[in-house]
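# Coordinate inspection notes
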Amino acid sequence: MSTFTSTSVQRAPADPTKHVNYVLGMVLGVDDFTQEFAYLSERDRWLARDLLGYGTAWGLSVSHGAGARGPEVRVTPGAALTPRGQWVRVTPTQCAALNDWLLARGTEVDAYLRAGNRLTVHVVLRHRDCLTDPVPVPGEPCRTEDDTTAPSRVTDDFHLELALRPPPPPLEENAVRDFARWLRRNMNVVASSPTPTTLEQFITLLRNSVVPSSPVSPVDDYVLDDLPGGPVPVLETDVESFLREASRVWVTELRPLWRTNWLGEAQGCTQPVSPAPESEADGVLLAAVDLPLVRELGTGPWKVDAAGTKSVDEAQRPFLLHQRMLQEWLLAGLARDASAVHRPDDLPPYSIVASGMIPIDETSTDVGYNGLKVTKVDVGLVTVSFTGYSHQPDQWRYVLKTTLVEPQNGLVTQPSITFVRADTDGLLLKVRDKDALLPILTLRKLGLIVEVSQYAVASKKKSVGGSTKPSPRTESLR
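All of these numbers come straight from a predicted model, not from anything done at the bench.

When its secondary structure is counted, the protein shows 8 helices and 22 strands. Counting all 478 residues of the protein, 32% fall into the buried class. When the accessible surface of the protein is totalled, it reaches about 29500 Å², and 56% of it is carbon and sulfur.

Here 3 strands make up an open sheet; going across it, the order is β14-β21-β17 and the pairing antiparallel. The open sheet has two free edges, formed respectively by β14 (350–359) and β17 (396–405), since each of these has just one partner strand. If you compare each strand with its neighbour and ignore which way they point, the axes differ by 15 degrees on average. Here β17 pairs with strand β21 (residues 447–456) via 10 bridges, running antiparallel. Bridged to V405 within β21 is G447.

Another aspect to go through is the pattern of salt bridges. Overall, the coordinates contain 23 salt bridges when judged by the stated rule. Across the pair R45 and E42 runs a salt bridge, and its minimum N-O distance is 3.1 Å. Note that R45 and E42 are positioned in helix α1 (residues 30–51) at a spacing of 3 residues, about one turn of the helix. Judged on exposure class, the residue R45 and its partner E42 are both buried. A salt bridge links R207 to E253; the shortest N-O distance between them is 2.8 Å. Of this pair, R207 sits in helix α4 (residues 199–208) while E253 sits in helix α5 (residues 239–258), and the two are 46 residues apart along the sequence. By relative accessible area, R207 is classed as partly exposed at 38%.

Confidence in the prediction of the protein, expressed as mean pLDDT, is 82, and 83% of residues score 70 or more. Predicted confidence for residues 266–277 stays below pLDDT 50, and this span has 25 contacts to residues more than four positions away or in other chains. Overall, residues 336–341 carries pLDDT values under 50, and its contacts beyond four positions in sequence, including any with other chains, amount to 1 contact.

In contact at an axis separation of 10 Å, α4 and α5 are set at 35 degrees when each is read in the N-to-C sense. Crossing of α4 over α5 shows right-handed handedness. Between α4 and α5, the residues in contact are L199, F202, I203, L206 and R207 and S241, F242, E245, A246, R248, V249 and E253, respectively. When grouped by side-chain class, the residues that make up the contact of α4 with α5 number 7 nonpolar, 1 polar and 4 charged.

With that settled, the discussion passes to the sheet that holds strand β4 (residues 78–81). Ordered by their spatial adjacency, 3 strands build an open sheet running β1-β4-β5, and the pairing between neighbours is antiparallel. Strand pairing shows two members of the sheet lacking a second neighbour, β1 (55–59) and β5 (87–90), which therefore form its edges. Sheet twist, expressed as the average angle between the axes of neighbouring strands with direction ignored, equals 20 degrees.

When you line up the elements, E172 lands in helix α3 (residues 171–186). A relative accessible area of 16% places E172 in the buried class. With near-sequence residues (within four places) excluded, E172 lies in contact with R255, W258 and R259.

The side chains of a regular strand alternate between both faces of the sheet. Judged by which residues are buried, β4 turns out to be covered on both faces: G78 and A80 on one side and A79 and L81 on the other are all buried. Sheet topology note: the β1/β4 ladder contains 4 bridges and is antiparallel. By the bridge assignment, G55 is partnered in β4 with L81. In the sheet, β4 pairs with β5 via 4 bridges, with the strands oriented antiparallel. From the neighbouring strand, G78 faces β5, where its bridge partner is V90. Connecting the antiparallel pair β4 and β5 is a turn made up of 5 residues, with G85 showing a positive phi of about 100 degrees.

Our focus in this paragraph is unusual backbone geometry. In this model, T91 is joined to P92 through a cis peptide bond whose omega is -5 degrees. Relative to the helices and strands, P92 is located in the loop between β5 and β6 (94–97). Even without glycine at this site, K434 takes up a positive phi of about 60 degrees.

As a further point, take the environment of D31. Along the polypeptide, D31 turns up in helix α1. As a C-alpha pair, D31 and A12 span 19 residues in sequence and 9.3 Å in three-dimensional space.

Turning our attention to the side chain of S364. Residue placement: S364 occurs in the loop between β14 and β15 (373–378). Ignoring sequence-local partners within four residues, the contact set of S364 consists of P359 and K373.

Helix length check: α1, at 22 residues, gives a terminal C-alpha distance of 32 Å against a target of 32 Å (1.5 Å per residue), a fit within 8%. Three or more residues of α1 are buried, namely Q35, E36, A38, Y39, S41, E42, R45, A48 and R49. In the core, the buried residues of α1 are packed alongside β4 and α5. Of the residues one or two after α1, G53 is the one with positive phi, at around 105 degrees.

Among the surface-exposed residues, Y22, V23, M26, L28 and F33 lie close enough to one another that they form a single nonpolar patch of about 470 Å² accessible area. The exposed category is assigned to F33, whose relative accessible area is 52%.

It is worth spelling out the packing of α3 against α5 at this point. At a minimum axis separation of 11 Å, α3 and α5 run at an interaxial angle of 155 degrees. Relative to α5, the element α3 is oriented roughly antiparallel. Every pair of crossing elements has a handedness; the one defined by α3 and α5 is right-handed. Seen from α3, the contacting residues are L171, E172, A175, V176, F179 and L183; seen from α5, they are L243, A246, W250, L254, R255 and W258. Classifying every residue of the contact of α3 with α5 gives 10 nonpolar, no polar and 2 charged.

Thresholds, definitions, all that
Residues numbered from 1 in each chain as written. Predicted model: local features only at pLDDT ≥ 70, side-chain atom pairs only at ≥ 80, totals over all residues. Heavy atoms only, no water. Helix = DSSP H or I, 4+ residues; strand = E, 2+ residues; numbered from the N terminus. Buried < 20%, exposed > 50% of the residue type's maximum accessible area, 1.4 Å probe, protein only. Areas by Shrake-Rupley, 256 points an atom, 1.4 Å probe, with all protein chains shown as cover. Pairing = 2+ DSSP bridges. Axes fitted to C-alpha atoms, helices over the stretch in contact; angles between N-to-C directions. Salt bridge = Lys/Arg side-chain N within 4 Å of Asp/Glu carboxyl O. pLDDT = per-residue confidence, 0-100. Contact = heavy atoms within 4.5 Å. Left-handed = near helix turned anticlockwise from the far one by under 90°. Nonpolar A, V, L, I, M, F, W, Y, C, P; charged D, E, K, R; others polar. Expected span 1.5 Å × (residues − 1). Patch = residues over 30% accessible without salt bridge, like charges linked within 9 Å, V, L, I, M, F, W, Y side chains within 5 Å. Parallel < 35°, antiparallel > 145°, perpendicular 65-115°, else oblique.

Structure below.
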């Protein structure tokens, strides 16, 4: 083995903030082309992370199953943007043998075990470059054998790993969620109020809810979820201006507090948060897999308990909705049901479930919206029902708006309709003319205009430890 080394000079990394200034007579070399590529590729990443965000764009579903080498985790083909803005594509489906992975980790697993010998394994996706297509290259004297060839191509590749710890989420990701949660929880949109909130008051409350942070002492909370006095009344006519101003404050004041500084650009007296080492920070969490473990003979290596319950939790997976989806969602939202009303979050759901003008004839095929029809006629009594009707008074209640339709003048003079009850057959109405119940033959010459609304019976919300936040979505895999 030779003790001599190459005299080749190590090149400094390209500066992603600079591009080549092409001038007449300039001789271009490797450094110039490398610099130009560094600038263009970093600009693409900059646009992606500042204008789009990061997370799964499509695919990359995580599941658990049995493979040729025992229990395994599978990731389907898909694509994602990393926190740095790097596009990553996975294909084909990838599989990781869990018992092989546990064996390679040895005693490292012991520190992460929970009660009952359960272990959470995080599936993390990262980008990597793959150097390919080596070609002979000229070189300097005294070069090593490794310097006689060089890769001529760089291929975008991916790196999927199972990790005992999840990648640290960019502070901006958590801050975005907190900011949206604050707006949703603290704006009580009302048609009128004796003391409506002014725009200045609202923005002051928002600024006062911000939790200060710094790269030295980051926090787990960014914008406090609830105002001390509860949600403030905001007039329907003011919602647009309030949201517009809140968005301006986010862009100009709040987002710079938590935006990750990938390029180390100067920001005057305040520095944006610097990232962790790229190998740790530039990863996309796909899922957390909860596994039951056992030891062979009580002292052997850890293995997945085939009889235990496994689960895949994707609640913390970041994802991106593409612009076409957002466009369609926006248009669908503008075309919402005219009966939709603004209501506080603690009120149960309310909606119109059936309506129409129908004949009082149980044999008629003429039905209204959602199958609304008369199902039974008796002296002074009419029963109506609709598709999906369910008599569950402990879960649902109904509100009826109805009037008679009289095709022949003078058939009734002073009609009245009274709601009697809801039972298993449907909604029972009592129909009179003056004080007399209408005969069946007379009823069958009339019609009804009916609108049925349904609302859920309010139930007391349970909280654990005083928390009202939703629990993560967990999919059982057993």
